[in-house]
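Overview (structure and organization)
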Amino acid sequence: MAIPSDFELIKNIVEGLDYHRLIKKSVIVLEKPFGFDYKSAKKLNNFLLNFFPEKMIYRIDHYLAKDLVQDILALRFANPIFVPIWNNKYIQDITINIWEKGGIRNRGQYYEGSGVIKDMIQNHALQLLALTLMERPKSLSYNDIDLAKTNIFKKIKLYDCGRRAPVAIGQYEGYRQEKYVDPKSLVETFVSMVLEVDDDNWRGVPIHIVSGKKMAKKTTDIIVNFKNIEHCFWNQDRCQIKNNQIRINIQPHNDIHLQLNSEFDPVSKCAIPTVLRFGFEDNKFILKDSYENALQDLFCQDRFTCTNSSEILLAWRLIDRIMKLLELNRKEKLFIYNAKNLVKILEKESCLVKKE
Ligand code: BG6
């Protein structure tokens with residue numbers, strides 16, 4: 001069901017299917033949004049469970065069907081060089097960017113009831129976060145991966161940014177003139193938030209999520225910055241040793257960049273960074289569209305592109321808390337931006353921003 005998250009509509013359809021005896025042995029596939037807050041998601045879930053067993057409910061997230069997102073599993077769990085350093089002892093910070101160049105197009109009606117936090121963070125961004133930080137699942141079965149992701153969802157909280165707020169919101173110039181949008185709308189089309197996973201592996205690592213419409217470019221990536229070596233030979237000011245970095249470019253480019261300090265310059269005596277690029281577009285694998293992957297998985301009853309009810313409910317619980325925080329003086333908090341002035345605004349507004 002790629003339909004609005006309207007309880008009555010879904011109820012009518014499911015009861016109709018039941019009336020015509022079409023439910024037995026069927027799988028129900030639901031596209032996001034699954035509810036619009038914790039309470040509505042729970043109500044929808046309980047309703048569906050009256051008709052379908054959990055294993056027949058596919059709550060699909062098309063970001064999980066993107067090739068490079070699925071590759072996170074291989075990168076993290078098939079490479080012993082990364083396994084021991086994937087924690088707060090070695091990782092300094094993580095950034096997840098989901099930027100879109102376009103606006104809301106003609107989806108004003110939907111977007112006015114949603115905003116970027118519910119549209120992109122509750123589902124896509126938190127799924128990327130969970131896959132990046134989860135512990136090694138017992139196996140690659142849907143249940144084990146879900147269990148590992150759920151364990152992360154249980155521990156996500158807002159990062160302590162001191163005097164700055166951990167969440168900054170904005171609205172693009174011209175949003176209020178879009179079709180079906182309230183001319184006084186306070187709905188956010190941009191968010192920058194800093195989260196933390198509160199456990200021994202990750203405490204202290206800020207996870208910066210940035211997502212918005214009408215940004216300078218369309219890009220989705222995950223950037224993992226490693227801490228610098230403690231007793232380094234090189235004077236940081238003179239040589240500017242760069243952090244080791246892994247950058248997973250999910251779209252529009254499908255590749256992984258690994259930044260190392262690999263060259264020794266005999267003149268300056270500095271270590272010079274090099275970026276290794278692992279590309280996927282130019283090799284023999286043909287990349288598929290995410291919906292192509294999702295549909296293929298569904299027909300094979302592979303649930304990797306799906307999320308279970310506990311993940312969804314835990315994500316909504318976090319989003320409800322954030323929305324409540326934002327409701328206090330939303331008008332003052334919401335800045336108006338365009339792709340050019342955004343960085344400048346964020347330098348003032350956001351808890352942790354890297355200029356790049
Ligand atoms: C959808 C959102 O889930 O994802 C849209 O509702 C958004 O607002 C879209 O534009 C982005 O998907 P993709 O695959 O183009 O990054």
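If you're wondering where the values come from, they're calculated on a predicted model, not measured in any experiment.

Parameters and conventions
Residues numbered from 1 in each chain as written. Predicted model: local features only at pLDDT ≥ 70, side-chain atom pairs only at ≥ 80, totals over all residues. Heavy atoms only, no water. Patch = residues over 30% accessible without salt bridge, like charges linked within 9 Å, V, L, I, M, F, W, Y side chains within 5 Å. Areas by Shrake-Rupley, 256 points an atom, 1.4 Å probe, with all protein chains shown as cover. Salt bridge = Lys/Arg side-chain N within 4 Å of Asp/Glu carboxyl O. Helix = DSSP H or I, 4+ residues; strand = E, 2+ residues; numbered from the N terminus. Near = heavy atom within 4 Å. Polar contact = N/O pair within 3.5 Å; in protein donor to acceptor, adjacent residues only side chain to side chain. Nonpolar A, V, L, I, M, F, W, Y, C, P; charged D, E, K, R; others polar. Buried < 20%, exposed > 50% of the residue type's maximum accessible area, 1.4 Å probe, protein only. 1 Å grid on protein atoms, 1.4 Å probe; cavity = no way out; pocket = protein on both sides within 12 Å on 5 of 7 lines; lining within 4 Å. Points joined across faces, edges and corners; volume = space filled by probe spheres on them.

For the rest of this paragraph, the subject is a nonpolar patch on the surface. Together, L260, L276 and F278 line one region of the surface with nonpolar side chains, adding up to about 240 Å² of accessible area. Mapped onto the secondary structure, F278 falls in strand β11 (residues 271-279).

Let us now look at the site of the ligand. In the vicinity of the ligand, the contacting residues are K32, H62, Y63, K66, E100, R107, D119, M120, H124, K213, K218 and Q251. Here H62 contributes a side-chain N or O atom positioned 2.8 Å from an oxygen atom of the ligand. Here K218 contributes a side-chain N or O atom positioned 2.8 Å from an oxygen atom of the ligand. Relative to its unbound accessible surface of 400 Å², the ligand loses 82% to contact with the protein. Split by residue class, the shell around the ligand holds 2 nonpolar, 3 polar and 7 charged.

For the rest of this paragraph, the subject is the pattern of salt bridges. Proximity of charged atoms lets side chains of opposite charge pair with each other. Under the defined criterion, the tally for this structure stands at 14 salt bridges. Across the salt bridge formed by D198 and R203, the nearest N and O atoms sit 2.6 Å from each other. You can call R203 partly exposed: its relative accessible area is 40%. Between R247 and D221 there is a salt bridge, and its shortest N-O distance comes to 3.4 Å. A residue pair is termed long-range when its members are at least 10 positions apart, and R247 in strand β9 (residues 245-251) and D221 in strand β8 (residues 219-226) qualify at 26 residues. Given the relative accessible area of 22%, R247 is considered partly exposed. You can call D221 buried: its relative accessible area is 3%.

Attention now goes to empty space enclosed by the protein. Scanning the model with the defined rule gives 2 cavities of 30 Å³ or more in all. Roughly 130 Å³ of volume is contained in the largest cavity. Considering only residue class, the lining of the largest cavity consists of 5 nonpolar, 4 polar and 4 charged. Its residues assigned to classes, the lining of the second largest cavity shows 8 nonpolar, 1 polar and 1 charged.

By themselves, these observations are geometric and do not establish any function.
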